[in-house]
Amino acid sequence: QKEVEQDPGPLSVPEGAIVSLNCTYSNSAFQYFMWYRQYSRKGPELLMYTYSSGNKEDGRFTAQVDKSSKYISLFIRDSQPSDSATYLCAMSEFGPGAGSYQLTFGKGTKLSVIP
Amino acid sequence: EAGVTQFPSHSVIEKGQTVTLRCDPISGHDNLYWYRRVMGKEIKFLLHFVKESKQDESGMPNNRFLAERTGGTYSTLKVQPAELEDSGVYFCASSQGSSFDYGYTFGSGTRLTVV
């Protein structure tokens, strides 16, 4: 069983739609949860991070973590063509500054927002 | 502020040859990480430097891979001899401090093809 499962898509939605992206994981030691956005031929860019369970909102983006279900989500409201990218979930047991700070990534979901 | 810079952006080498990838982190960032994405797989952690010291090299696949960070500035990742399964995109990232707010910035990656 992979540590992190993410549906690779592709996912195609019309402009203005609400997008829901999800990951499940098996390692209950994960405490930090992140979403990265990656444009073609570029490196991943941190979108949002959360610690433990709960919700976090930043503009059109909302991240949710349910540790009891080992399930995390990213919602994008009023999606725009500029949101078209690959979205990767990532997790870690320890935070920045800890001795062993390494990220475990999902495969990424390719999103296309059609004008 | 310049971002994380990786050289070359693309490299094609024959099986058995040696290749050296270079990463210039953001100036002043003590933490430097190498990750790799093999075709169809997740981005996987390789190792973590704090200044010139290897903090965690648990992700290095085998002894054909050698990473160095001389003087705590730029880093190199050498693959010798290269095998077909080493093909993929090698990402470098850097960070400063112990907070997500400081960011964890990835470079655009080096696309390595071993033929």
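Residues numbered from 1 in each chain as written. Chains lettered and ligands numbered in written order. Predicted model: local features only at pLDDT ≥ 70, side-chain atom pairs only at ≥ 80, totals over all residues. Heavy atoms only, no water.

A.B. asks: Got a minute to help me understand the sheet that holds strand S1 (residues 5–7) of chain B in this structure?
C.D. replies: Adjacent strands of a sheet form backbone hydrogen bonds with each other and so pair up, either parallel or antiparallel. Residue and element names in this part refer to chain B. Reading across the sheet, the four strands line up as S1-S3-S8-S7 and stay open at both edges, with antiparallel pairing between neighbours. Every other strand in the sheet has two partners, leaving S1 and strand S7 (65–68) as the edge strands with one partner each. Taken pair by pair, the neighbouring strands of this sheet meet at an average axis angle of 15 degrees, ignoring direction. (Pairing = 2+ DSSP bridges. Helix = DSSP H or I, 4+ residues; strand = E, 2+ residues; numbered from the N terminus. Axes fitted to C-alpha atoms, helices over the stretch in contact; angles between N-to-C directions.)

A.B. asks: Even after reading the chapter, I still don't get the nonpolar core, so can you show me in this structure?
C.D. replies: Nonpolar side chains tend toward joint burial in soluble globular proteins. Trp 35, Ile 72, Leu 74, Ile 76, Tyr 87 and Met 91 of chain A are the most contacted members of the largest nonpolar core, which has 24 residues in total. For this core, the secondary-structure elements that each account for two or more residues are strand S3 (19–25), strand S4 (32–38), strand S5 (45–51), strand S7 (61–66), strand S8 (71–76), strand S9 (85–92) and strand S11 (109–114) of chain A. (Core = buried A, V, L, I, M, F, W, Y, C linked by side-chain atoms within 4.5 Å. Buried < 20%, exposed > 50% of the residue type's maximum accessible area, 1.4 Å probe, protein only.)

A.B. asks: I'm lost on the sheet that holds S3 of chain A in this one. Help?
C.D. replies: All names here are of chain A. Sheet architecture is open: five strands sit in the order S1-S3-S8-S7-S6, paired in antiparallel fashion. Edge positions in the sheet fall to strand S1 (4–5) and strand S6 (54–58), since each has one partner strand and no second. Bridge count between S1 and S3: two bridges; the pairing is antiparallel. Opposite Glu 5, over in S3, you have Thr 24 as the bridge partner.

A.B. asks: I'm lost on the pairing of strand S6 (residues 53–56) of chain B in this one. Help?
C.D. replies: Along any regular strand the residues' side chains alternate between the sheet's two faces. Relative to S6 of chain B, strand S5 (residues 43–50) of chain B is paired through three bridges, and the arrangement is antiparallel. When the bridges of S6 of chain B are listed, His 48 of chain B appears paired with Asp 56 of chain B.

A.B. asks: Any chance you could explain the state of the cysteines here in plain terms?
C.D. replies: All names here are of chain B. Applying the stated criterion across every chain yields a total of two disulfides over all chains. Between the sulfur atoms of Cys 23 and its disulfide mate Cys 92 the distance is 1.9 Å. Linking Cys 23 and Cys 92, the disulfide has an S-S dihedral of approximately -65 degrees and is accordingly described as left-handed. Here Cys 23, found in strand S3 (residues 19–24), pairs with Cys 92, found in strand S9 (residues 88–95); they are 69 residues apart in sequence, far enough to count as distant. Here Cys 23 matches Cys 92 in class, with each residue buried. (Disulfide = S-S within 2.5 Å.)

A.B. asks: I tried to follow the interface of chain B and chain A on my own but got confused; where do I start?
C.D. replies: Accessible area lost during the coming together of the parts is what is often quoted as the interface size. Contact with chain B, which involves 23 residues of that partner, is made by 23 residues of chain A. Where chain B abuts chain A, roughly 2100 Å² becomes buried across the two surfaces, and 55% of that area is made up of carbon and sulfur atoms. The tally of links between chain B and chain A comes to zero salt bridges. Along the contact surface separating chain B from chain A lie five residue pairs in polar contact (both at pLDDT 80 or more). At the level of elements, strand S4 (31–37), S5 and S6 of chain B are the ones that each hand at least two residues to the side of chain B that touches chain A. (Contact = heavy atoms within 4.5 Å. Buried area = accessible area lost by both parts, 1.4 Å probe. Salt bridge = Lys/Arg side-chain N within 4 Å of Asp/Glu carboxyl O. Polar contact = N/O pair within 3.5 Å; in protein donor to acceptor, adjacent residues only side chain to side chain.)

A.B. asks: What is the right way to look at the pattern of salt bridges in this model?
C.D. replies: Two side chains of opposite charge can pair, provided their charged atoms sit close to one another. Residue and element names in this part refer to chain B. A full pass over the atoms with the stated rule returns eight salt bridges over all chains. When the shortest N-O distance is used, the salt bridge between Glu 83 and Lys 15 registers 4.0 Å. Placement of the pair is Glu 83 in the loop between strand S8 (75–79) and S9 and Lys 15 in the loop between strand S2 (10–13) and S3, with a sequence separation of 68 residues. When the shortest N-O distance is used, the salt bridge between Arg 64 and Asp 86 registers 2.6 Å. Of the two residues, Arg 64 sits in the loop between S6 and S7 while Asp 86 sits in the loop between S8 and S9, which places them 22 residues apart along the sequence. The exposure class of Asp 86 is buried, given its relative accessible area of 1%. Taken together, the shared-partner salt bridges in this structure form one network comprising Arg 36, Arg 64 and Asp 86.

A.B. asks: Looking at this structure, I do not really get the environment of Phe 75 of chain A. What am I missing?
C.D. replies: Residue and element names in this part refer to chain A. Topologically, Phe 75 is positioned in strand S8. Residue classification places Phe 75 among the partly exposed residues on the basis of a relative accessible area of 23%. Spatially, the C-alpha atom of Phe 75 lies 16 Å from that of Pro 10, the residues being 65 residues apart in sequence. Those residues within four positions of Phe 75 in sequence are excluded, and the remaining contacts are Val 19, Ser 20, Arg 60, Phe 61, Thr 62 and Gln 64.

A.B. asks: Where do I start with the packing of aromatic side chains in this structure?
C.D. replies: Centre-to-centre distance and the angle between the planes together describe a pair of aromatic rings. Tallying each qualifying case throughout the model produces 11 aromatic pairs over all chains. Measuring from ring centre to ring centre gives 6.3 Å for Phe 91 of chain B and Phe 106 of chain B, while their planes differ by 90 degrees; the resulting arrangement is edge-to-face. Taken as a pair, Phe 91 of chain B in strand S9 and Phe 106 of chain B in strand S10 (residues 105–106) lie far apart in primary sequence, 15 residues in all. Among the residues examined, Phe 91 of chain B registers a relative accessible area of 3% and is labelled buried. Three or more aromatic residues joined by ring pairs form one cluster here, namely Tyr 36 and Phe 105 of chain A together with Tyr 35, Phe 45, Phe 91 and Phe 106 of chain B. For Lys 56 of chain A, the ring lying beneath its charged end belongs to Tyr 49 of chain A, and the centroid distance is 3.7 Å. Over the ring of Tyr 74 of chain B we find Arg 22 of chain B, and its NZ or CZ is 3.8 Å from the ring centre. (Phe/Tyr/Trp six-rings, centres within 6.5 Å; stacked < 30°, edge-to-face > 60°. Lys NZ or Arg CZ within 6 Å of the ring centre and 35° of its normal.)

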